[in-house]
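# Secondary and tertiary structure notes
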Amino acid sequence: MAAVTTNGADVPGREEAAPLGVAKTPGTPDKRDQRPGKLSWRIRLRRDRSLLLMTVPVVVLLLVFNYLPLFGTITAFEYYDPIVGVVNSEWIGLENFRQLLGDPLFWGSVWNTLELAAVQLVLFFPVPIALALLLNSVLSPRIRSFVQSVTLVPHFFSWVLVITLFQQMIGGAGLLNQFLRQHEMTPWNIMTDPTMFKLLVTSQVIWKDAGWGIIVFLAALAAIDENLYEASAMDGAGRWRRMWHITLPGLRGVIVLMLVLRLGNVLNVGFEQLLIQRYAVGHDAADVLDTFSYFYGIGTNNYGYGAAAGIFKSVISLLLIYGANKLAHFFGEDGLYRK
């Protein structure tokens with residue numbers, strides 16, 4: 001039997017008394033010793049090995065396609081020659097950037113990129129949110145699944161197929177112009193109209209990717225507590241008031257996060273899509289930063305010049321995503337990370 005002292009001091013061999021009503025199993029460690037902060041890295045590694053193995057392919061892809069190519073940005077400061085390689089190419093410092101900032105074709109592509117990004121942000125970004133709200137209001141699961149599947153399928157089409165479909169519908173020999181000719185009206189070839197090119201490209205993006213964009217918002221809608229809708233309905237709130245006071249506030253965090261991510265990727269306005277249609281409307285309307293880097297960098301064997309344009313685009317994208325994240329914190333949202 002363990003000795004007992006009157007001053008409450010611990011005595012060797014004495015076990016700590018278990019809380020009232022809780023039986024303590026001999027040899028079981030105390031719960032305070034099982035907190036994650038006290039686990040060694042070997043135990044945590046053994047505990048999370050399945051999750052870590054699942055992340056290995058993603059980490060490898062990021063290293064190969066996102067981080068290793070960063071070494072190639074040094075070519076923006078060189079007159080890069082593929083024969084001699086990056087190390088032995090002639091170093092020219094900021095000369096590529098000086099030439100870039102004085103090139104009117106470059107500023108034309110910057111302006112086209114910003115205009116097209118603004119049009120897509122205003123017209124495309126709200127469409128997945130609206131579609132998600134409409135699908136969420138459909139009571140029949142079969143109809144909801146059918147509509148979601150139909151809107152999702154175009155995402156898996158290539159841009160060649162998408163542009164071909166648009167050409168067959170609104171091109172010079174498309175269904176629209178055939179209808180106009182049959183009724184003795186002036187045909188309108190939208191596919192070759194430079195003034196309509198930005199709206200045309202945005203409509204193609206909406207048709208192709210709107211169904212893919214609703215997945216995140218539908219998941220966020222599913223996380224909203226149904227009891228809130230029932231309580232508001234009992235209080236007399238209609239469908240629109242429930243959407244305004246429950247649904248949209250529940251989506252606000254996801255909307256802000258997707259907006260921040262969209263702003264960080266806003267200058268990627270579709271290289272393949274624009275490359276296919278560039279010759280139909282001319283380079284003045286279709287050239288963006290990506291096509292500029294391709295045609296005036298790779299196309300002219302001036303790789304350093306194209307790399308300089310790519311760095312310019314990356315810096316602007318970084319500033320946009322940083323500013324959008326700061327704006328999200330200003331309005332009390334998490335953004336990409338909690339403040």
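Just above, that's the structure.
Residues numbered from 1 in each chain as written. Predicted model: local features only at pLDDT ≥ 70, side-chain atom pairs only at ≥ 80, totals over all residues. Heavy atoms only, no water.

### Looking at helix H6 (residues 126-137)
Between the first and last C-alpha of H6 there are 17 Å, a value that for 12 residues agrees with the 16 Å anticipated at 1.5 Å per step. Restricting attention to buried positions, one finds in H6 the residues Pro128, Ile129, Ala132, Leu133 and Leu135. Each buried residue of H6 lies within a common arc of 165 degrees when the element is viewed along its axis, so the set occupies one face. On its buried side, H6 packs onto helix H7 (141-152), helix H10 (197-222) and helix H12 (239-264). (Helix = DSSP H or I, 4+ residues; strand = E, 2+ residues; numbered from the N terminus. Expected span 1.5 Å × (residues − 1). Buried < 20%, exposed > 50% of the residue type's maximum accessible area, 1.4 Å probe, protein only. Arc of directions from axis to C-beta. Contact = heavy atoms within 4.5 Å.)

### Examining the packing of H6 against H10
Any two packed helices are characterised by how steeply their axes cross, that is the angle between the axes, and by the distance between the axes. Contact geometry for H6 and H10: axes closest at 7 Å, N-to-C directions at 60 degrees. By the angle class used here, H6 and H10 are oblique. The way H6 lies across H10 gives a crossing that is right-handed. Between H6, through Val127, Pro128, Ile129, Leu131, Ala132, Leu133, Leu135 and Asn136, and H10, the contact on the second element is made entirely by Ile206, Ala210, Gly213, Ile214, Phe217, Leu218 and Leu221. Taken together, the residues that form the contact of H6 with H10 break down as 13 nonpolar, two polar and no charged. (Axes fitted to C-alpha atoms, helices over the stretch in contact; angles between N-to-C directions. Parallel < 35°, antiparallel > 145°, perpendicular 65-115°, else oblique. Left-handed = near helix turned anticlockwise from the far one by under 90°. Nonpolar A, V, L, I, M, F, W, Y, C, P; charged D, E, K, R; others polar.)

### Digging into the side chain of Thr75
Looking at where Thr75 falls in the secondary structure, it is placed in the loop between helix H2 (49-67) and strand S1 (78-79). Only 2.7 Å separates the side chain of Thr75 from the backbone oxygen of Gly72, close enough to count as a polar contact. Look past the residues within four positions of Thr75 in its chain and what remains in contact with it is Tyr80, Val86, Asn96, Gly304 and Ala307. (Polar contact = N/O pair within 3.5 Å; in protein donor to acceptor, adjacent residues only side chain to side chain.)

### A look at helix H11 (residues 226-234)
Two to three positions downstream of the cap, the backbone nitrogen of Asn227 sits 3.1 Å from a side-chain oxygen, assigning the N-cap of H11 to Asp225. Gly236, located one to two residues past H11, shows a positive phi value of around 95 degrees.

### Comments concerning the nonpolar core
Core analysis: the largest hydrophobic core is formed by 15 residues, its most contacted members being Ile129, Ala132, Leu218, Leu221, Leu251 and Ile255. At the level of elements, H6, H10 and H12 are the ones that each hand at least two residues to this core. It is H10 that provides the largest number of residues to this core, a total of five residues. Those residues in contact with Leu218 that lie beyond four places of it in its chain are Ala132, Leu135 and Gln148. Val201, Val266, Leu274 and Val281 belong to the second-largest nonpolar core, a separate cluster that totals 12 residues. (Core = buried A, V, L, I, M, F, W, Y, C linked by side-chain atoms within 4.5 Å.)

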